[in-house]
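The residues making up each chain are set out below.
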Number of protein chains: 2
Amino acid sequence: MLKTKMVKPTASAYEYPLLIKQILLSGPRYEPQQEIVYRDLFRYTYGELYERICRLANALTKAGVRPGDTVAVLEWDSHRYLECMFAIPMIGAIIHTVNIRLSPEQILYTMNHADDKLVLVHDDFVPLMAQIKDKLNTVEGFWLLTDKPSESKHDNLSSQGVSFQGEYEALLAESETTYNFPDFDEHSVATTFYTTGTTGNPKGVYFTHRQIVLHTLVISLSLGSLAGQPLMNSGDTYMPITPMFHVHAWGVPYAATMMGTKQVYPGRYEPDLLIKLQQQEKVSFSHCVPTIVNMLLNSEAAKQADLSGWRILIGGSALTKGLTVAAREKGVILTGAYGLSETCPLLSVAYLNEKLRDLPEDEQIDFRIKTGIPAPLVELAIVDEEGNDLAHDGQQVGEIVCRAPWLTQGYLKEENGSEALWRDGWLHTGDVATIDALGFIQITDRIKDVIKTGGEWISSLTLENLISQHPGVSEVAVIGLPHPEWGERPCALVVLKDKQTKGEDIQIHLQQFVAQGKIHKWAIPEVIEFVDAIPKTSVGKIDKKKIRAEKIQ
Amino acid sequence: MLKTKMVKPTASAYEYPLLIKQILLSGPRYEPQQEIVYRDLFRYTYGELYERICRLANALTKAGVRPGDTVAVLEWDSHRYLECMFAIPMIGAIIHTVNIRLSPEQILYTMNHADDKLVLVHDDFVPLMAQIKDKLNTVEGFWLLTDKPSESKHDNLSSQGVSFQGEYEALLAESETTYNFPDFDEHSVATTFYTTGTTGNPKGVYFTHRQIVLHTLVISLSLGSLAGQPLMNSGDTYMPITPMFHVHAWGVPYAATMMGTKQVYPGRYEPDLLIKLQQQEKVSFSHCVPTIVNMLLNSEAAKQADLSGWRILIGGSALTKGLTVAAREKGVILTGAYGLSETCPLLSVAYLNEKLRDLPEDEQIDFRIKTGIPAPLVELAIVDEEGNDLAHDGQQVGEIVCRAPWLTQGYLKEENGSEALWRDGWLHTGDVATIDALGFIQITDRIKDVIKTGGEWISSLTLENLISQHPGVSEVAVIGLPHPEWGERPCALVVLKDKQTKGEDIQIHLQQFVAQGKIHKWAIPEVIEFVDAIPKTSVGKIDKKKIRAEKIQ
């Protein structure tokens, strides 16, 4: 089906750089009839995907995009985003996946910092673009992305104050269907995006072609062959529910494309639409943060739907047992995974081996909610403050450090920040964890979220997991608050399902875990506050920085 | 379970070379309880595998093996071979997997040519070693490999004329159980072995750590996630029936170890033992040449056994429909794959996509016996004599050329041979094939085996496939013989099942394919010879060079 042009290698005959164009070969070659679906608006096959990526590459080249240039994309999850993730790096340019949930000032900062040259922007973000366009230092042109290409007129595009070079679909329509994708150095940067986990300005991370290819191979293995119960194979249907700007939506669109898996892009995350697409397209694999699962399970649409067989990989925040059991009751299987923006992101998956798969389901869940076992090619250790390698006994707590072929070299243009990230040749994650004798990592906290009370450490994540198992609790966040006597004391913010539950019910609930030896009695928070919602970051994680700021001021 | 020592990187912090030691991380980490089995003699877990590899690395280091040194292994398929495939390259040395089926003169040639320093030799090859040891130019020591370590005495080892440094199991027993495996350049050579496909001396090919790691990732994907019907996952039991010296037994031991798959090593290939092991250990995945399947199916042991669920990947020679149907009747699923010694070897697998898997089984078999669809990361084309890219129409016949991240840089110390291999930046395979509109490659011949009759090309492999479908035929080889009028005419050598079939029965059988348009009438051989056996090469392929030599002399 797929016939590409023969490339005349530029380097020595034998050298074969790892390039993103190679990821694109297999899907269209193996499963040319498989579909890419965008909501109920657009649907085409892998054979056409390859052709559209060639058209896009031609359109970008015609627009003056050259190797090394950065192209920004501001878009909801779509087939267009997928096409950009291939075409832009395949011509040697860099895709900047702009975090559309940042403030306009932060978006402006990241676009200037990344030296964006061309900007592909969805209708919905045109007002934002109009607002910041005069302060963009390097941008030379804009393209419009729209779900209604037939209604958009070229000469009318500038009406909202942004001067467009053209509309995406129209530009593709007038471009050639083949492109001779060149070879170049595998260490060429392919993607960049910004992380806001720390204080100060967003920090840029960046990944090379070599890194993306290796990450794609290993995440494919981790989701398919290696997983005890395979999560995604070529026969599955995949729908991301993690925004594409968030670490290439964890790299799974690349993996799905390589494997020839049917892909469904949902645009914005409206629960009813997500459930409708899941039902209609028979989605069997997704990934998201726990908050989204919570939202989906509590949606009206989910109540009437049969969700059984839907496997969801959870990252971004710790997976609690309460949520995992609630999902299981709807037939949805949740599995934990772990990684950072800085790590491309895959570091570990909660892989259940043959022996663990023989356990009763409730005990299996205790393993499936863990941070997991390091993925292939990943070296991972926990270290103390002096960098000493700690024992894997499930007791010793240390910072997770790692090595893998796909870690960001540093923060873009930030020499100092990068020194904090890379020390002694290992990337320091800022997460503290134990590793048990079976090899399972269990994150207990972000270093900065650890609660220190009376000289002891309390894990906020452990407390959250235990509180989540109370039947009245919908969501929970635990932070440390300054205390004159103990240094810090834990404080729990709880969103209730039922409004009947009281603070002391939760304290009594926690007592049982003291009896079971899972926590010490001094870990039970005196302060349990009921709130309507828990503050989240732009990527849906619990925003403890914000909670602390509100509480402590 | 597996806790390795933290390595202090030698290069820049961020660089992470692809090294074979990384392949070994995942299996013991994921499935520490999984077993490695050697006949009914030896059985241990992945946890112990890692420890034994550390012991071996310590023993090799103590014996003076240094980075860049070459260590030769002469051994049947065993757990020891698997350990050597890891430990030798993991300390920076090179494993030379000696082809024990070559003549003593050829073995001597390859061992001198490869600069072997240490030789690990099984009991059975001690007489051979005694015969050639005085002509080995670079060898400094020998270790004994034996199935009866308790019976071997150190001071008695030299009795057969070879002076041994020690016996493998004893050397491991006295070594430390941990080893700090170093980082080094991923382009370091890890393995070497010799191919005898061409005239003259055997030619050495060699592969780097980077190449082995990438090949391992992709063959794992090809066997697991990517295959329509997965061939091997971590839950399977794997038994190679391809000698380990043959292209690292196609790289599958590395893949199985990475995936944590149970592995069974059968030693020598005795049909009854193979079937017994398959039954006893519940082997679900193997790979071999067609000849071995034929031998197994016709064995006494197979007649009484239930072989259903056994999936066998076929390489080395073309897979015929006759054999595939015969295997299917015993419940054994055969799938074709393709690669060369020069290509590490994976180039393609007969992958059936979702659409093809809906076909009736007989039609599926027509695809499963094809040469296949290129594996991930493999670029492949067919070209005419001027190097022009030919159409994928199932009609145009050209030489297969390829690019992939795991092709030998050239032949060891053979500048001229390497130039013939690498032309215009593409590796020339010497195989001629068509590629159809679905992307399936179909090899029609080795370039040198093509039969040219009256200006037309006849595919010897097509004729073999069609003749194999006659119920009386057990095996067949077709070669071209010189003919005064037509240039060449095909000649078929046939091994019969029943002794009743006559030459004209086969000619009548072939007529139906003329009627179906599958061959031209001039392709039907006038000469059909019945023989007791068909000559094979040292790796079990039909030896057409030898057949031609015997016929033409």
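Residues numbered from 1 in each chain as written. Chains lettered and ligands numbered in written order. Predicted model: local features only at pLDDT ≥ 70, side-chain atom pairs only at ≥ 80, totals over all residues. Heavy atoms only, no water.

Attention now moves to the overall build of chain A. Broken down by element type, chain A carries 18 helices and 26 strands. In terms of overall size, chain A behaves like a compact globule, its C-alpha atoms giving a radius of gyration of 24 Å where 553 residues would be expected to give roughly 24 Å. Projected onto its principal axes, the C-alpha coordinates of chain A cover approximately 70 × 50 × 50 Å. Considering only residue pairs separated by 6 or more positions, chain A has 69% of its internal contacts joining residues 24 or more positions apart. Taken as two groups, the 52 positive and 69 negative side-chain charges of chain A have centres that lie 3 Å from each other. (Helix = DSSP H or I, 4+ residues; strand = E, 2+ residues; numbered from the N terminus. Rg over C-alpha atoms; globule rule 2.2 N^0.38 Å. Contact = heavy atoms within 4.5 Å. Lys, Arg positive; Asp, Glu negative; His and termini not counted. Charge placed at Lys NZ, Arg CZ, Asp CG, Glu CD.)

Moving on, we get to the side chain of His-209 of chain B. The residue His-209 of chain B is located in helix α7 (residues 209-223) in this model. Not counting the four nearest positions on each side in its chain, His-209 of chain B is found in contact with Leu-18, Leu-19, Ile-20, Pro-89, Met-90, Phe-184, Glu-186, Ser-188, Val-189 and Ala-190 of chain B.

So, on to the domain arrangement of chain A. Where the parts come together, the accessible area they lose is often given as the size of the interface. Structurally, chain A comprises domain 1 (24-30 + 43-203) and domain 2 (450-552). Its C-alpha centre places domain 1 of chain A at a distance of 42 Å from the equivalent point of domain 2 of chain A. (Domains from an automatic or database assignment.)

Moving on, we get to the packing of aromatic side chains. Residue and element names in this part refer to chain A. In this structure the tally under the stated criterion is 18 aromatic pairs over all chains. Centre to centre, the rings of Trp-76 and Phe-125 are 5.0 Å apart; their planes meet at 45°, and the pair counts as tilted. Pair noted here: Trp-76 is in the loop between β3 (70-74) and α3 (79-90) and Phe-125 is in the loop between β5 (116-122) and α5 (126-132), with a separation of 49 residues, a long-range link. A residue is classified by how much of its surface remains accessible, and Trp-76, at 16% relative accessible area, is buried. (Phe/Tyr/Trp six-rings, centres within 6.5 Å; stacked < 30°, edge-to-face > 60°. Buried < 20%, exposed > 50% of the residue type's maximum accessible area, 1.4 Å probe, protein only.)

What UniProt calls "domain: AMP-binding enzyme C-terminal" (unreviewed entry) maps, in this numbering, to residues 463-541 of chain A. Secondary structure across residues 463-541 of chain A divides into 24% helix and 32% strand, with the first and last C-alpha atoms of the span separated by 17 Å. (UniProt positions renumbered as here; feature names shortened; annotations may be inferred.)

This next bit is on the packing of helix α16 (residues 460-468) of chain B against helix α17 (residues 503-515) of chain B. Residue and element names in this part refer to chain B. Remark: α16 packs on α17, axes separated minimally by 10 Å, with the N-to-C direction vectors making an angle of 110°. Classed by the angle they form, the pair α16 and α17 counts as roughly perpendicular. Regarding α16 and α17, the two cross each other, and that crossing is right-handed. Together, Leu-463, Leu-466 and Ile-467 of α16 and Ile-506, His-509, Leu-510 and Phe-513 of α17 make up the contact between the two elements. Partitioning the contact of α16 with α17 into residue classes produces six nonpolar, one polar and no charged. (Axes fitted to C-alpha atoms, helices over the stretch in contact; angles between N-to-C directions. Parallel < 35°, antiparallel > 145°, perpendicular 65-115°, else oblique. Left-handed = near helix turned anticlockwise from the far one by under 90°. Nonpolar A, V, L, I, M, F, W, Y, C, P; charged D, E, K, R; others polar.)

Next up on the list: the environment of Thr-237 of chain B. Residue and element names in this part refer to chain B. Among the secondary structure elements, Thr-237 is positioned in strand β10 (residues 237-238). Exposure remark for Thr-237: the relative accessible area of 8% places this residue in the buried category. In this structure the C-alpha to C-alpha distance between Thr-237 and Val-283, which are 46 residues apart in sequence, comes to 4.7 Å. The residues touching Thr-237, leaving out its near neighbours within four places in the chain, are Thr-261, Lys-262, Val-264, Glu-281, Lys-282, Val-283, Ser-284 and Phe-285.

Take helix α2 (residues 46-62) of chain B next. Residues and elements named next belong to chain B. The terminal C-alpha atoms of α2 lie 24 Å apart, and with 17 residues this matches the ideal 24 Å at 1.5 Å per residue to within 8%. Of all the 17 residues making up α2, 12 are buried; the element is thus mostly covered by neighbouring parts of the structure. Residues Tyr-46, Leu-49, Tyr-50, Arg-52, Ile-53, Cys-54, Arg-55, Leu-56, Ala-57, Asn-58, Ala-59 and Leu-60 constitute the buried set of α2. Just downstream of α2, Gly-64 is the residue with a positive phi angle, here 95°. (Expected span 1.5 Å × (residues − 1).)

Below, the discussion takes up the relation of the copies chain B and chain A. Mapping chain B onto chain A calls for a screw motion: a turn of 180° about the axis and a shift of 0.0 Å along it, with 0.1 Å RMSD after fitting. On the angle and the small slide along the axis, the relation comes out as a two-fold axis. Mapped onto chain A, 100% of the interface residues of chain B are again interface residues, and the two copies thus contact each other with one and the same surface. (Least-squares fit on C-alpha atoms with pLDDT ≥ 70 in both.)

A word on the pattern of salt bridges. Pairing of side chains with opposite charge becomes possible as their charged atoms draw close. In this structure the tally under the stated criterion is 62 salt bridges over all chains. A salt bridge links Glu-379 of chain A to Arg-403 of chain A; its shortest N-O distance comes to 3.8 Å. Note that Glu-379 of chain A is positioned in strand β17 (residues 379-383) and Arg-403 of chain A in strand β18 (residues 398-403), a separation of 24 residues in sequence. Overall, Glu-379 of chain A belongs to the buried group, its relative accessible area being 7%. Using a relative accessible area of 1% as the deciding quantity, one classes Arg-403 of chain A as buried. Taking the shortest distance from any N to any O, the salt bridge between Lys-117 of chain B and Asp-69 of chain B comes out at 2.9 Å. Taken together, the positions of Lys-117 of chain B in strand β5 (residues 116-122) and Asp-69 of chain B in the loop between α2 and β3 (70-74) put the pair 48 residues apart, joining distant regions of the chain. (Salt bridge = Lys/Arg side-chain N within 4 Å of Asp/Glu carboxyl O.)

On the side of chain A, 75 residues touch chain B, which itself brings 74 residues to the contact. In total, chain B and chain A occlude about 6400 Å² of area from one another, counting both sides; carbon and sulfur atoms represent 56% of this. For the pair chain B and chain A, the number of links is four salt bridges. With a shortest N-O distance of 2.7 Å, Arg-210 of chain A and Glu-186 of chain B are connected by a salt bridge. (Buried area = accessible area lost by both parts, 1.4 Å probe.)

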